[in-house]
Amino acid sequence: MTVRAKIGPLTRLPRPSPFSDVGDAYSQAGEDYLTYADGDPRRLFDFDGQYGYGDRQIWRMLESKLVQHRRSGAPYIRMLDAGCGPGTWLRRLVTRARQLGFEEITARGIDLARDQVERARYLARDLARLPGVDLRFEVADVTRERDETDGAFDLTLCLYCVLNHLPRERIPDTLAEVARL
């Protein structure tokens with residue numbers, strides 16, 4: 001026997017942002033995402049995970065940018081990671097920047113996944129307390145305009161599949177904002 005309910009006129013409910021769904025998925029992945037994407041969080045520079053080859057290539061480029069910036073005589077560096085996840089790349093960059101002798105290091109990580117941001121804060125807590133280091137992570141949408149002025153960062157990252165999660169029509173503006181910073 002089929003029971004049919006009488007339904008009144010449909011009311012359009014606001015659709016949740018697809019971005020919040022992505023953030024929720026990465027939050028639910030928890031610790032597993034950290035080891036899946038970045039390997040052992042205690043061994044920052046061991047690029048032996050499943051993405052090891054690509055990570056080594058990215059690191060060579062990023063490290064050369066750090067070295068080049070330091071050789072230019074700059075006593076400070078400002079970095080942004082848009083889509084930072086558990087913060088591994090910023091922890092690598094801040095650690096290396098300290099080794100290179102930068103006197104002031106400002107590093108910001110933004111991500112939609114609240115749990116990944118909390119994990120990044122936890123993993124970076126000792127590094128963030130060092131003199132001359134201003135390392136912060138916040139929950140934020142990479143597609144939104146940032147308050148910072150043009151060229152506010154010396155090095156801006158948006159790695160891996162961050163852009164894959166965006167609707168196609170949002171990608172040009174998002175890339176323009178990342179480039180602007």
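It should be noted that the structure appears before, not after, this text.
Each residue is numbered by its place in its chain's sequence as written, counting from 1. Side-chain atom pairs in this predicted model are given and counted only at pLDDT of 80 or more, local residue features only at pLDDT of at least 70, and totals for whole chains, interfaces and linings cover all residues. Where side-chain values are given, they derive from all heavy atoms of the structure, hydrogens and water being excluded.

### Examining the packing of aromatic side chains
Then comes step 1: Put simply, two rings from Phe, Tyr or Trp (the six-membered ring, in Trp's case) pair if the centres are within 6.5 Å, and we call them stacked under 30 degrees between planes, edge-to-face over 60, tilted for the rest. As enumerated under the stated definition, the model contains four aromatic pairs in all.
Then comes step 2: Geometrically, the ring pair formed by W59 and W89 is tilted, given 6.5 Å between the ring centres and 35° between the ring planes. Note that W59 is positioned in helix α2 (residues 52-71) and W89 in helix α3 (residues 88-100), a separation of 30 residues in sequence. As far as burial versus exposure is concerned, W59 and W89 are alike and both buried.
Then comes step 3: Among the aromatic side chains, those forming a connected cluster through ring pairs are F45, F47, W59 and W89.
Then comes step 4: Here the guanidinium or amino end of R70 rests over the ring plane of F102, the centre of that ring lying 5.5 Å away.
Then comes step 5: Above the face of the Y122 ring, R125 is positioned so that its terminal group lies 3.9 Å from the ring centre. Note on conventions: DSSP H or I runs of at least 4 residues are helices, E runs of at least 2 residues are strands, and numbering of each starts at the N terminus. Accessible area is worked out with a 1.4 Å probe on protein chains only. A residue is then buried under 20% of its type maximum, exposed over 50%, and partly exposed in between. Look at NZ for Lys and CZ for Arg. If either is within 6 Å of the ring centre and within 35 degrees of the ring normal, a charge sits over the ring.

### Here's the deal with the sheet that holds strand β3 (residues 133-139)
Then comes step 1: In this analysis, strands are considered paired if DSSP registers two or more bridges between them. Within the open sheet, the four strands sit side by side as β3-β2-β1-β4. Their pairing is parallel. Each of the sheet's edge strands pairs with one partner strand only, and the pair in question is β3 and β4 (155-157). Taking the axes of each pair of neighbouring strands and ignoring which way they run, one obtains an average angle of 10° across the sheet.
Then comes step 2: Bridge analysis of strand β1 (residues 76-82) against strand β2 (residues 104-111) gives seven bridges, and the strand direction is parallel. Bridging from a neighbouring strand, A82 pairs with I110 of β2. Every axis in this analysis is a line fitted to C-alpha atoms, fitted for helices over the stretch in contact. Angles between the N-to-C directions lie between 0 and 180 degrees.

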